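# Secondary and tertiary structure notes
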Amino acid sequence: MKIRNRLYLIFTLFLVIFVLIGLTIFYAKNTINIATEQAGIANSIGNNLNDLNMVTYEYFLYHEERMEQQWHLAYTSISKLLKETNEKTYTPEESAILQSISRDIKSIRVLFLKLKAIHDKRHMLNSGNEPVDKIPSLMPLDALLASELLVKSHHATLGSLSLYAMAQKEMLETQRKTDSVIMAAMIIFMVVLLISGAFTIRSIATPISKLVEGTHLIGKGNFDYKIKVKSRDEI
């Protein structure tokens, strides 16, 4: 093989390695961006759930209309966030968690409205000056619905934490794989560079040294000496 073709081959190998590194970095950057976005969504879901829980607690503690409005605002915010989430970028396991959170949020709304209806009924009966013994006891149902609401809220919060942990794990795993690929590519690059460099230098230096040796012998009068050329390159 001619030296020029050999150099072209080496250059092609280096170009392939650089393209591989570039594609790896591009893929890693894209994957990390998606995982970062998913972690942000999971964090937002968790924060909105905390806000919803706080407003729920304050409403059933004070039963003010302003707090009811705040509850509906918090519920609308988290419902909108879940609706706008693009599940195409999630794994099947992550999508299942998102769907579970959505179901929990809808259940929380149903339970909240039931609890509100119980409170409104109790308030109406109390304001009607009915005898205490004629007012039905709603406490068992009230406590049961409140407990169920708490369980649903806790389950949804655990789901958001699981999504956040998965996104963090995906980022770390992608970063680890990227570092491994880049390290392997650099090692291959250095090995190819050393081997090709040594082979190219040898293919050039050896014939030249033989040519110099033959020139000296011929210069001394040994005109029968023939320089043996085995290579088929330019030299």
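Our subject in this report is the structure included herewith. (Residues numbered from 1 in each chain as written. Predicted model: local features only at pLDDT ≥ 70, side-chain atom pairs only at ≥ 80, totals over all residues. Heavy atoms only, no water.)

Let us now look at the nonpolar core. In terms of nonpolar packing, the biggest core is built from 27 residues, with Ile45, Trp71, Leu82, Ile101, Ile105 and Leu163 touching the most fellow members. At the level of secondary structure, the elements contributing two or more residues to this core comprise helix H1 (3-62), helix H2 (65-84), helix H3 (92-127) and helix H4 (139-219). The leading source of residues in this core is H3, at 9 residues. Every residue in contact with Trp71, bar those within four places of it in the chain, is listed here: Leu52, Val55, Thr56, Ile108, Arg109 and Phe112. (Core = buried A, V, L, I, M, F, W, Y, C linked by side-chain atoms within 4.5 Å. Buried < 20%, exposed > 50% of the residue type's maximum accessible area, 1.4 Å probe, protein only. Helix = DSSP H or I, 4+ residues; strand = E, 2+ residues; numbered from the N terminus. Contact = heavy atoms within 4.5 Å.)

Moving on, we come to a nonpolar patch on the surface. A contiguous nonpolar surface patch, about 410 Å² in accessible area, is contributed by Phe11, Leu15, Val19 and Leu23. Mapped onto the elements, Leu23 comes out in helix H1. (Patch = residues over 30% accessible without salt bridge, like charges linked within 9 Å, V, L, I, M, F, W, Y side chains within 5 Å. Areas by Shrake-Rupley, 256 points an atom, 1.4 Å probe, with all protein chains shown as cover. Salt bridge = Lys/Arg side-chain N within 4 Å of Asp/Glu carboxyl O.)

Before going further, it helps to examine the pattern of salt bridges. Under the criterion given, the structure shown has 2 salt bridges. Note that Glu68 is salt-bridged to Lys116, the shortest N-O span being 3.6 Å. A residue pair is termed long-range when its members are at least 10 positions apart, and Glu68 in helix H2 and Lys116 in helix H3 qualify at 48 residues. The same class applies to Glu68 as to Lys116, namely buried. Salt-bridge contacts for Arg176 lead to Glu173; the nearest nitrogen and oxygen are separated by 2.6 Å. In this pair, Arg176 and Glu173 are both assigned in helix H4, 3 residues apart and thus about one turn of the helix distant. By relative accessible area, which is 46% here, Arg176 ends up partly exposed. Classification of Glu173 by relative accessible area gives partly exposed; the value is 30%.

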